[in-house]
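# Structural description and commentary
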Amino acid sequence: MSVRSRAVGVAAMVCAVALAACVERRVTYNRPMFAGLPGVQSNQPIVGAGPKGYRDPTHVEGGSIVIEHRDGSKTLVSRSAAHLVAHIQRTLVEDEEELFLSQVLSELTVRECRENGVEPAEAFRYLRRHRDEALKVLARMQAGERSPYVVVQKVDERVYRVMLTGLAARGLRWRGFDMVLEGGGWDTEHPDEEGKPVFRQSNWRLRWFVPAAS
């Protein structure tokens, strides 16, 4: 192994360890914002149905979570953990590094990588080297927060942990992931057919994977 290869590997591990350490220091157990959705398990009791007039925040107009624009670019829609799972899987399988960095990995994670002297691209390449392990845990939570044996915990403001429990978490490198609600606002780069800016809702993005030992 060359000196450069070893340096890249160390840098990626530093980034992963730094992210995990940062998250672990701030974990609290609160009733998740997804409480009340069908199939969601929680570390606290889920009480009552949705209020009158409730609109599912995970609903996507048109049903597609990948919007393809006339210029060939794509906008990924992540209104739920299930959407985020699909985007992580797709970008890893299809080796879409640029799309992963721009619309899957959270801005918070990108900033922390740079603060630790690591290029954000190394985060993607680290996952790519461990793609089988990443896809294995994601396959067990294909439906995100609605998957069997999955709990959702609040970690911080706008940060939630989606995690496998019990037997479903055995034999894995990671037991789940943290996600951050980011973005939102007027999109002037991809206007509508009349040339007017389109309002984009906030999306869930990947904070990082949670080690099995957590």
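One can find the structure itself at the top, above this paragraph.
Residues numbered from 1 in each chain as written. Predicted model: local features only at pLDDT ≥ 70, side-chain atom pairs only at ≥ 80, totals over all residues. Heavy atoms only, no water.

This paragraph deals with the overall build of the protein chain. Summing up its helical and strand segments, the protein chain has six helices and eight strands in all. In sequence order, the secondary structure elements of the protein chain are arranged as α-β-β-α-α-α-α-α-β-β-β-β-β-β. Split into buried and exposed, the 214 residues of the protein chain put 43% on the buried side. Across the protein chain, every contact between residues at least 6 apart in sequence was considered, and the portion connecting residues at least 24 apart equals 60%. Carbon and sulfur atoms form 52% of the exposed surface of the protein chain, whose accessible area is close to 11600 Å². (Helix = DSSP H or I, 4+ residues; strand = E, 2+ residues; numbered from the N terminus. Buried < 20%, exposed > 50% of the residue type's maximum accessible area, 1.4 Å probe, protein only. Contact = heavy atoms within 4.5 Å. Areas by Shrake-Rupley, 256 points an atom, 1.4 Å probe, with all protein chains shown as cover.)

This model, assessed by the stated rule, comprises six aromatic pairs. Plain terms: the ring middles of tryptophan 174 and phenylalanine 209 are 5.0 Å apart, the flat faces sit at 40 degrees to each other, and that makes the pair tilted. Highlighted residues: tryptophan 174 in strand S5 (residues 174-182) and phenylalanine 209 in strand S8 (residues 203-211), separated in sequence by 35 residues. Taking relative accessible area as the criterion, phenylalanine 209 reaches 3% and is therefore assigned buried. One aromatic cluster is present, built from ring pairs that chain together Tyr126, Trp174, Phe177, Trp208 and Phe209. Its end group placed over the ring of tryptophan 174, arginine 173 keeps NZ or CZ at 5.4 Å from the ring centre. (Phe/Tyr/Trp six-rings, centres within 6.5 Å; stacked < 30°, edge-to-face > 60°. Lys NZ or Arg CZ within 6 Å of the ring centre and 35° of its normal.)

Moving on, we get to the nonpolar core. Ranked by internal contacts, the top residues of the largest apolar core, which has 40 residues, are Ile88, Leu127, Leu164, Phe177, Leu206 and Phe209. Sort the elements by how many residues they give to this core and helix H2 (residues 81-93) lands first, with five residues. Leave out the neighbours within four places in its chain, and leucine 127 touches Leu92, Phe100, Trp174, Leu206, Trp208 and Phe209. (Core = buried A, V, L, I, M, F, W, Y, C linked by side-chain atoms within 4.5 Å.)

In this structure, alanine 212 sits in the segment after S8. For alanine 212, a relative accessible area of 33% gives the class partly exposed. C-alpha separation for the pair alanine 212 and leucine 164, spaced 48 residues apart in sequence, amounts to 9.5 Å. With near-sequence residues (within four places) excluded, alanine 212 lies in contact with Leu172, Arg173, Trp174 and Arg175.

Here the focus is the pattern of salt bridges. Taken as a whole, this structure holds nine salt bridges when the rule is applied. Lysine 74 is the partner of glutamate 96 in a salt bridge, and the nearest nitrogen-oxygen pair spans 3.6 Å. Of the two residues, glutamate 96 is situated in the loop between H2 and helix H3 (97-104) and lysine 74 in strand S2 (residues 74-76); the sequence distance between them amounts to 22 residues. Residue glutamate 96 is classed as buried on the basis of its relative accessible area of 17%. You can call lysine 74 partly exposed: its relative accessible area is 22%. The shortest N-O distance in the salt bridge between arginine 207 and glutamate 112 comes to 2.9 Å. One end of the pair, arginine 207, is in strand S8; the other, glutamate 112, is in helix H4 (residues 107-115), and 95 residues separate them in sequence. In terms of burial, arginine 207 and glutamate 112 fall into one category: buried. Linked by salt bridges that have partners in common, Lys74, Arg90, Glu94 and Glu96 make up one network. (Salt bridge = Lys/Arg side-chain N within 4 Å of Asp/Glu carboxyl O.)

Turning next to the sheet that holds strand S4 (residues 159-164). Taken in spatial order, the four strands line up as S3-S4-S5-S8 in an open sheet, and their pairing is antiparallel. Two strands bound the open sheet, and with one partner strand each, they are strand S3 (150-156) and S8. Adjacent strand axes in the sheet meet at a mean angle of 25 degrees, parallel and antiparallel pairs treated alike. In the sheet, S3 pairs with S4 via six bridges, with the strands oriented antiparallel. The residue of S4 that forms the bridge with glutamine 153 is arginine 161. Those strands touched by H4 are S5 and S8, and its axis lies near 55 degrees from that of S8. (Pairing = 2+ DSSP bridges. Axes fitted to C-alpha atoms, helices over the stretch in contact; angles between N-to-C directions.)

By themselves these figures say nothing about function.
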